[in-house]
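One-letter residues, chain by chain:
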2 protein chains.
Amino acid sequence: MYDRVKGFRDFYPEEMAARRWAMDTIEDVATRYGFREIGTPALEPTQMYTDKSGEEIVEELYSFEDKGGRSVALTPELTPTVARMFVEKQQALSKPVKWVSTRPFWRYEQVQQGRFREFYQTNVDIFGSSDPAADAEVLAVAVDMLTDLGLTSEDFQIRVSHRDILAGLLDSFDAEVDTREAIRAVDKRSKVDHEAYLDALVEAGLSYGQADSFDEMLQSGEDELDSLADITGSEAVAEATQNLRAVLDATEDFGVRDHLTLSLTTARGLDYYTGVVFECFDSTGEVSRSVFGGGRYDDLIEGFGGQPTPAVGFAPGHATLQLLCQRAGVWPEEGLSTDYYVLQVGETRATAARITRDLREKGHVVETDIADRSFGAQMGYADEINAETVVIVGEQDLENDEVTLKEMDEGEQISVPVDAFPGNHDRPTFEDFAE
Amino acid sequence: MYDRVKGFRDFYPEEMAARRWAMDTIEDVATRYGFREIGTPALEPTQMYTDKSGEEIVEELYSFEDKGGRSVALTPELTPTVARMFVEKQQALSKPVKWVSTRPFWRYEQVQQGRFREFYQTNVDIFGSSDPAADAEVLAVAVDMLTDLGLTSEDFQIRVSHRDILAGLLDSFDAEVDTREAIRAVDKRSKVDHEAYLDALVEAGLSYGQADSFDEMLQSGEDELDSLADITGSEAVAEATQNLRAVLDATEDFGVRDHLTLSLTTARGLDYYTGVVFECFDSTGEVSRSVFGGGRYDDLIEGFGGQPTPAVGFAPGHATLQLLCQRAGVWPEEGLSTDYYVLQVGETRATAARITRDLREKGHVVETDIADRSFGAQMGYADEINAETVVIVGEQDLENDEVTLKEMDEGEQISVPVDAFPGNHDRPTFEDFAE
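Reading the values: the criteria
Residues numbered from 1 in each chain as written. Chains lettered and ligands numbered in written order. Predicted model: local features only at pLDDT ≥ 70, side-chain atom pairs only at ≥ 80, totals over all residues. Heavy atoms only, no water. Helix = DSSP H or I, 4+ residues; strand = E, 2+ residues; numbered from the N terminus. Buried < 20%, exposed > 50% of the residue type's maximum accessible area, 1.4 Å probe, protein only. Contact = heavy atoms within 4.5 Å. Areas by Shrake-Rupley, 256 points an atom, 1.4 Å probe, with all protein chains shown as cover. Lys, Arg positive; Asp, Glu negative; His and termini not counted. Charge placed at Lys NZ, Arg CZ, Asp CG, Glu CD. Pairing = 2+ DSSP bridges. Axes fitted to C-alpha atoms, helices over the stretch in contact; angles between N-to-C directions. Salt bridge = Lys/Arg side-chain N within 4 Å of Asp/Glu carboxyl O. Domains from an automatic or database assignment. Buried area = accessible area lost by both parts, 1.4 Å probe. Polar contact = N/O pair within 3.5 Å; in protein donor to acceptor, adjacent residues only side chain to side chain. Nonpolar A, V, L, I, M, F, W, Y, C, P; charged D, E, K, R; others polar. UniProt positions renumbered as here; feature names shortened; annotations may be inferred. Patch = residues over 30% accessible without salt bridge, like charges linked within 9 Å, V, L, I, M, F, W, Y side chains within 5 Å. Least-squares fit on C-alpha atoms with pLDDT ≥ 70 in both.

K.L.:
Teacher, can you tell me more about the overall build of chain A here?
P.N.:
Summing up its helical and strand segments, chain A has 16 helices and 16 strands in all. Based on the C-alpha atoms only, the size of chain A along its principal axes is roughly 95 × 55 × 45 Å. Scored against the burial criterion, the 435 residues of chain A give a buried share of 56%. Intrachain contacts of chain A at a sequence separation of at least 6 include 67% that bridge at least 24 residues. Working note: accessible area of chain A is about 17700 Å², and carbon and sulfur atoms make up 41% of it. Averaging the coordinates of the 39 positive side-chain charges in chain A and doing the same for the 86 negative ones gives two points 6 Å apart.

K.L.:
Even after reading the chapter, I still don't get the environment of A:Gly205, so can you show me in this structure?
P.N.:
Residue and element names in this part refer to chain A. Mapped onto the secondary structure, Gly 205 falls in the loop between helix 7 (194–203) and helix 8 (208–218). A C-alpha to C-alpha distance of 9.1 Å links Gly 205 and Glu 181, two positions 24 residues apart in sequence. For Gly 205, the residues in contact, after removing those within four places along its chain, are Ala 175, Glu 176, Val 177 and Gln 210.

K.L.:
How should the pairing of strand 7 (residues 156–162) of chain A be read in this particular structure?
P.N.:
All names here are of chain A. Extensive coverage of strand 7 is indicated by the burial of five of its seven residues. Two elements, strand 7 and strand 9 (residues 276–282), share seven bridges in a ladder whose sense is antiparallel. Looking across to strand 9, one finds that Ser 161 is bridged to Val 277. Pairing of strand 7 with strand 8 (residues 260–262), which is carried by three bridges, proceeds in the parallel orientation. Bridging from a neighbouring strand, Arg 159 pairs with Thr 261 of strand 8.

K.L.:
How should the sheet that holds strand 16 (residues 413–417) of chain A be read in this particular structure?
P.N.:
Two orientations exist for strands paired in a sheet by backbone hydrogen bonds: parallel and antiparallel. All names here are of chain A. What the five strands build is an open sheet, ordered 13-12-14-15-16; its pairing is mixed. Looking at the sheet topology across the chains shown, the edges are occupied by strand 13 (366–368) and strand 16. In this sheet, neighbouring strand axes are inclined to one another by 25° on average, regardless of whether the strands run parallel or antiparallel. Bridge count for strand 14 (residues 387–394) against strand 15 (residues 402–407) is four bridges, and the pairing is antiparallel. Looking across to strand 15, one finds that Val 390 is bridged to Lys 406. Sheet strands in contact with helix 14 (residues 375–384) are strand 12 (338–345), strand 13, strand 14 and strand 15, and its direction is about 175° off that of strand 12.

K.L.:
Is there a simple way to explain the sheet that holds strand 4 (residues 71–74) of chain A in this structure?
P.N.:
All names here are of chain A. Sheet architecture is open: three strands sit in the order 2-4-3, paired in antiparallel fashion. The open sheet has two edge strands, strand 2 (43–45) and strand 3 (63–65), and neither has a second partner. On average, each strand axis in the sheet is tilted by 35° relative to the strand beside it, whichever way the strands run. In terms of strand pairing, strand 3 meets strand 4 through three bridges, oriented antiparallel. Considered in strand 4, the bridge of Phe 64 is made with Val 72.

K.L.:
Sorry if this is basic, but what is going on with the pattern of salt bridges here?
P.N.:
Oppositely charged side chains may form a pair once their charged atoms are brought near each other. Following the criterion strictly, the structure yields 50 salt bridges over all chains and no others. Here B:Lys98 and A:Glu367 are joined by a salt bridge, their closest N and O atoms 3.4 Å apart. Of this pair, B:Lys98 sits in strand 5 (residues 97–106) while A:Glu367 sits in strand 13, which puts the two residues in different chains. Among the residues examined, B:Lys98 registers a relative accessible area of 3% and is labelled buried. Residue classification places A:Glu367 among the buried residues on the basis of a relative accessible area of 1%. Among the charged side chains, a network of salt bridges with common partners joins A:Arg4, A:Asp10, B:Glu44, B:Arg84 and B:Glu88.

K.L.:
Got a minute to help me understand unusual backbone geometry in this structure?
P.N.:
Phi is mostly negative for residues that are not glycine, and the peptide bonds are mostly trans. All names here are of chain B. Going from Lys 95 to Pro 96, the amide bond is cis rather than trans, its omega being -5°. Mapped onto the elements, Pro 96 comes out in the loop between helix 3 (79–88) and strand 5. Phi at Asp 401 takes a positive value of approximately 55°, unusual for a residue other than glycine. In this structure, Asp 401 sits in the loop between helix 15 (395–399) and strand 15 (402–407).

K.L.:
Would you mind going over the domain arrangement of chain A with me for this structure?
P.N.:
When the parts of a complex come together, some accessible area is lost, and that lost area is often taken as the interface size. Domain annotation for chain A reports domain 1 (13–40 + 75–328) and domain 2 (338–433). Summarising the inter-unit geometry, the C-alpha centres of domain 1 of chain A and domain 2 of chain A are found 51 Å apart.

K.L.:
What's the story with the interface of chain B and chain A in this structure? I'm lost.
P.N.:
Between chain B and chain A, the residue contacts involve 95 residues of the former and 95 residues of the latter. Interface area, chain B with chain A, both sides summed: about 8200 Å², of which 57% is carbon and sulfur. Between chain B and chain A we count 16 salt bridges in total. Notably, a salt bridge pairs A:Arg357 with B:Asp144, separated by 2.8 Å at the nearest N-O pair. Scanning the region where chain B abuts chain A turns up 48 residue pairs in polar contact (both at pLDDT 80 or more). Residues that form the side of chain B that touches chain A fall into these classes: 45 nonpolar, 15 polar and 35 charged.

K.L.:
What is the right way to read helix 5 (residues 163–171) of chain A from this model?
P.N.:
It helps to recall that an α-helix has 3.6 residues per turn; residues three or four apart then point in one direction. All names here are of chain A. Of all nine residues that make up helix 5, seven are buried, and the element is covered over most of its length. Taken residue by residue, helix 5 has Arg 163, Ile 165, Leu 166, Ala 167, Gly 168, Leu 169 and Leu 170 as its buried positions. The secondary structure elements touched by the buried residues of helix 5 are strand 7, helix 6 (179–187), helix 8, helix 9 (227–232), helix 10 (235–253) and strand 9.

K.L.:
Even after reading the chapter, I still don't get the UniProt feature "binding site: L-histidine" (unreviewed entry) in chain A, so can you show me in this structure?
P.N.:
All names here are of chain A. On the UniProt side, "binding site: L-histidine" (unreviewed entry) is annotated at positions that read Glu 77, Leu 78, Thr 79, Arg 107, Gln 121, Asp 125, Arg 268, Tyr 272 and Tyr 273 here. When you line up the elements, Leu 78 lands in the loop between strand 4 and helix 3 (79–88). Relative accessible area serves as the criterion here: at 1%, Leu 78 is assigned to the buried category. When sequence neighbours within four positions are dropped, the list of residues in contact with Leu 78 reads Thr 40, Ser 101, Arg 103, Phe 105 and Asn 123. Secondary-structure assignment places Tyr 273 in the loop between strand 8 and strand 9. Since its relative accessible area comes to 8%, Tyr 273 is described here as buried.

K.L.:
Can you walk me through a negative patch on the surface in this structure?
P.N.:
Residue and element names in this part refer to chain A. There is a patch of like negative charges on the surface, built from Asp 193, Glu 195, Asp 199, Glu 203, Asp 212 and Glu 216. Among the secondary structure elements, those contributing two or more residues to the negative patch are helix 7 and helix 8. Ranked by residue count, the leading element in the negative patch is helix 7, at three residues. Within the secondary structure layout, Asp 193 lies in the loop between helix 6 and helix 7.

K.L.:
It is not clear to me how the relation of the copies chain B and chain A should be interpreted in this structure. Could you clarify?
P.N.:
The operation linking the two copies of the chain is a rotation about an axis combined with a translation along the axis. Superposing chain B onto chain A requires a rotation of 180° together with a translation of 0.0 Å along the rotation axis, leaving an RMSD of 0.0 Å. Such values leave the two copies arranged in the relation of a two-fold axis. Taking the C-alpha atom as reference, chain B places B:Phe64 closest to the rotation axis, 3.2 Å from it. Of all interface residues in chain B, 100% are interface residues in chain A too; the two copies therefore contact each other through one and the same surface.

K.L.:
I tried to follow the side chain of B:Asp66 on my own but got confused; where do I start?
P.N.:
With respect to the secondary-structure elements, B:Asp66 resides in the loop between strand 3 (63–65) and strand 4 (71–74). Residues contacting B:Asp66, with those up to four places away along its chain left out, are A:Tyr62, A:Tyr108 and B:Val72.

In structure tokens form, the structure reads like this:
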């Protein structure tokens, strides 16, 4: 007996069916928006991550030296990979480029509820448009994914912010502020007590008074947003505010505005964001972490050696999405589903196989006996796999050129002519033959 | 600029679309047969592979020590993982267990045509039935996958053999034969010259005369199969022959017999096979390697600490499958496909967005302008993404409450009332409005 590696999971069919439903649902949304699937490698050069995030990132990576002496890492996220791929074919690609993919990633971190060392994400990115409509489209995809999962505005809320507003406000103070550090402090705001948060802002260069006043500005609601530029007299804040307004206006056209809330205290931890940023939260607060987030990252492609290229994207993680769906009661029952079980009694395999094949050709999920089992054992199995209809192919019935359809939910059954089954029926059930 | 790791591949949308079609096609077949998707980890304990295959396997593995001091390996194949998963829940699982999954695997080996260090396979396995119908179902799934891809018996052939026939024939000689080594020699038969092949059989314990006579028996056609037991007087050969006949008879009922050929020179290299084994070949011989193979492995679960459990399965690799499809001319054109592009001229975003949303709700792939571009730039992009229909939403047309449908293939166009579009039409095109 072997144990699986800590932080890694096996998914048996019942749970996997529910996860597949969720993956298909969110991928279908991206597909309808014209995002195109890409396939990406599990390993990348370790340097791709250390160049961006410093040597300390190695502590969180599954990195090692391969047999050819290369330092490689199991990909902890997709953004560097898509940036590398975009740069490699930048000239040839039709812009805007809209990519989507779902796959596992790996990080060596503390295992806790909803957090594993192997985790699944769907990455959605647009390269090549700085227009507010691109930010809005990404927000619309995010909202449509959640509503297609069955979630409503009672269940989730997307908080939208803008990095340049935060940076502009910080710049407007008469102080030497480390903007990145201050933004990281804002990102941690809800996770630490207020004193510690203010301390972190002071650490970043503000005075306590400035930190207080900065935090007050971050509380601005939508009505007060436009006044921030006036109060600070900052051109940068004015421009960023205008950009954020344009994005929100476009989401109105795109039909998703109601799910979005302005929240300047939303900052996103990662350094590479440059414009609109957003995070999805459980409205009830039961799933305490942000469910996922995203935003604009206009500098990254140039940082990877490409031509300057605007970019915006997000990446929902499937584990927290599952927690949200479960909390909201929209996660499907984790079970098998089977359209037909074709039961064989006696030497009836030839006919049973013909029926099985015909039903499969109509696209149904069909099982039949492959273990030479008794009537009772087959019926028990049909029940375990949640077969909706059992087609009983018995020697005696066949002598009368009949088979029996048994509807498993109510237990009703009926004899039908074997030649007429399945015949022209798309999905023949007890009802089709009972008059 | 970073280079991707050697032997690893990026898949851009055009190629990925073709690969996704192939993956969906073969997974759909397995689903209709009632195989259930499982999800499996990328890392396993290295020991899981070295226990089975010896320390030398490490040379082919991406194995390393993780930050917790565990020796782990990127999974080079799925069979040990499914065995581990089966053993862990053996009591609770309804038998037969039928599992399927598609994912990448990793081996540090020489990169060549159709062989990479990261490669994709779909694994199909049945646990818990020793009945010939289980072997036959696996063969039927394999054939249906290939025919659903558009391949015919002109394109491929599945060669079926039986490990116990080979072992029984070897046992029937008056010699001390290392059966595993002899079977490995048979597996390499077509890859080395005849002298080297005979030498390998002699190395395994046969005399040259016995090796010749053994090889002659392996050439038996279907008519001669039953005579092998008589010639050798071997009970084991008689039983195995009967089992193989029963499997082939079941494939007749399952409608796939025509695609199968008896071929005792087919042996499969892996030690763990115990009964029926098979390999798929390109009928034209252009794809020189076996496309994929599989068979029965009744001892593996016990070897993993479980209750003795019969098992049978196979795992087509997507790279060789792609080569076969390309050779046969059934690989789809690698390109994007888009149902609608909704083109905006002037300040028409609100209407364009409404139409875009309605079309997406009907399930179509729809793109619209998210980069504030000119008519010409949008038309060029619509062409690049192979949009079938362009819906032109122009300011002037809107004044007449109209939009224009342009069918991109022939270039025909027509004005339609904006309120009626898309209306009740499932997939409105030029034809629906042209009288």
